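One letter stands for each residue in the lines below.
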Amino acid sequence: MINKICVVGLGYIGLPTAVMFANHGKVVHGVDINEEIVNKINRKQLHIEEKGLKEKLTEAIDQKHLTVSTSPEEADVFIIAVPSPIKDDKTANLSYVEKATEAIVPYLQKGNLVILESTVPPLTVEKVMLPVLLKTNLEIGTELFVAHSPERVIPGKVFEELINNDRIIGGINEKSSELAVELYRTFVIGNIHITDAKTAELVKVIENTYRDVNIAFANELARICDNLNINVWEAIKLANHHPRVNIHSPGPGVGGHCIAVDPWFLVELQPDTAKMIGLARNINDSMPEYTTNKVISIIKQQSILNGKVAVLGLSYKADIDDTRESPSLDVMRALEEQKIEYSVFDPHIKEQIFMKQTKSIEEAVEHADLILIMTNHQEFKKLNPESLKDKMRTKIIYDTKKCIDEDKWKQAGFEVFVLGDSSSN
């Protein structure tokens, strides 16, 4: 009988997962080493943006189903949902997983289930977690059960997808998988697929690598179309009418904690084999530089001296506040290296985290020569060019996400440039 769950890591996945179990009647204790995050949650405040999370968190705490602190507590199930980033050399940093596993060892008892939700390279459970769990002196697989069940949700739709998406569960043995299935059936109505731990680890990495390779193909097409004076967006849309073609959209780079990271796990494990995967990663990693060079080229074409760029969008995707691995950060660094003045604004980033970050779009475009759209937030799609044009020194906009009404901006006197569509201007 599963009565209490301990969730280690209260970030974009861990906190919604803890809240979801608490809202479905389980007693949950959440753990995070960041005291500021713990204090905020205890005050029913959020450190991340997610639709519906505020209300669900308040309900969980008010019903006394959720507590949080910086230390684990004894429980029936321990869920580890900590970051698994890459190092500067593009190898996996599994120290968070290892430390989180070490942190729960003193609290583990006979019959407990440990689940890793973090996205990790194949064999992480076997080579990183199990050696640590052996310190409990519990027999793995008969007294202590272990499984990997990677999260498969996207920011902005976390609760919807936690419930409806199919779930992959990879236990180290049959009993571990059975216990994990019982746990997730608390709220999952999607299908649950059982496999072994290393296959489950690979499945999640495959899913994100597939998307990364697809985006790299789209980005390569965008660069080709820029050179051939063809509209890549129109070409991709028409190609996708084929029943067996589904090309993703190009963009200024790939961000987030998953797609921009996970493919490197396979490159690290099999560098001589994962050549296409590595090439795709390098293509997508090069897009911020490509975008910056385009901006510089446009400014030079207009003979603008000491130009200023208004960068719109800090988060890596639309309508969220997550800046992890965001291409905007690379573009900002490149603009600084080129000594080009810039400002940056994002309506979803409430706290001042960058020196040149403004509090309003009006402030961002003040005396700017070029608006650079990096994220297709709804707020940017609805921008009124008439309200901005008089604040700018030069009326130019470069849209890397094809999210604006080009005719509307042209009618307002703007020169419009679009990534992958040199015919737009």
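How each quantity is defined
- Residues numbered from 1 in each chain as written.
- Predicted model: local features only at pLDDT ≥ 70, side-chain atom pairs only at ≥ 80, totals over all residues.
- Heavy atoms only, no water.
- Pairing = 2+ DSSP bridges.
- Helix = DSSP H or I, 4+ residues; strand = E, 2+ residues; numbered from the N terminus.
- Axes fitted to C-alpha atoms, helices over the stretch in contact; angles between N-to-C directions.
- Contact = heavy atoms within 4.5 Å.
- Salt bridge = Lys/Arg side-chain N within 4 Å of Asp/Glu carboxyl O.
- Buried < 20%, exposed > 50% of the residue type's maximum accessible area, 1.4 Å probe, protein only.
- Polar contact = N/O pair within 3.5 Å; in protein donor to acceptor, adjacent residues only side chain to side chain.

Just to check I follow, could you spell out the sheet that holds strand β4 (residues 77–80) for this structure?
Strand pairing in a sheet relies on backbone hydrogen bonds, with the paired strands running either antiparallel or parallel. Spatial strand order, β3-β2-β1-β4-β5-β6-β7-β8: eight strands in an open sheet with mixed pairing. Only two strands of the sheet have a single neighbouring strand rather than two, namely β3 (66–69) and β8 (192–196). Between one strand and the next, the sheet's axes are offset by a mean angle of 25°, whatever the strand orientation. Direction of pairing for β4 relative to strand β5 (residues 113–116): parallel, over a ladder of four bridges. Bridge assignment links Phe78 to a residue of β5, and that residue is Val114. Lying over the sheet, helix α4 (residues 95–104) contacts β1 (4–8), β4 and β5, oriented at roughly 160° with respect to β4.

What am I meant to see in the pattern of salt bridges here?
Per the counting criterion, the structure on display carries 16 salt bridges. With its nearest N and O atoms 2.7 Å apart, the salt bridge here joins Arg281 to Asp212. Taken together, the positions of Arg281 in helix α11 (residues 275–301) and Asp212 in helix α8 (residues 197–228) put the pair 69 residues apart, joining distant regions of the chain. Its relative accessible area of 0% is what places Arg281 among the buried residues. Notably, a salt bridge pairs Asp330 with Arg333, separated by 2.4 Å at the nearest N-O pair. A residue pair is termed a helical-turn pair when its members lie 3 or 4 positions apart in one helix, as Asp330 and Arg333 do in helix α12 (residues 327–337) at three residues. Salt bridges linked by common partners bring Lys90, Asp212, Arg281 and Asp285 together as one network.

Can you help me understand the environment of Glu143 in this one?
If you trace the backbone, Glu143 turns up in the loop between α5 (124–133) and β6 (145–148). Sequence separation between Glu143 and Asn112 is 31 residues, and the spatial gap between their C-alpha atoms is 7.4 Å. At a separation of 2.8 Å, a polar atom in the side chain of Glu143 contacts the main-chain amide nitrogen of Glu139.

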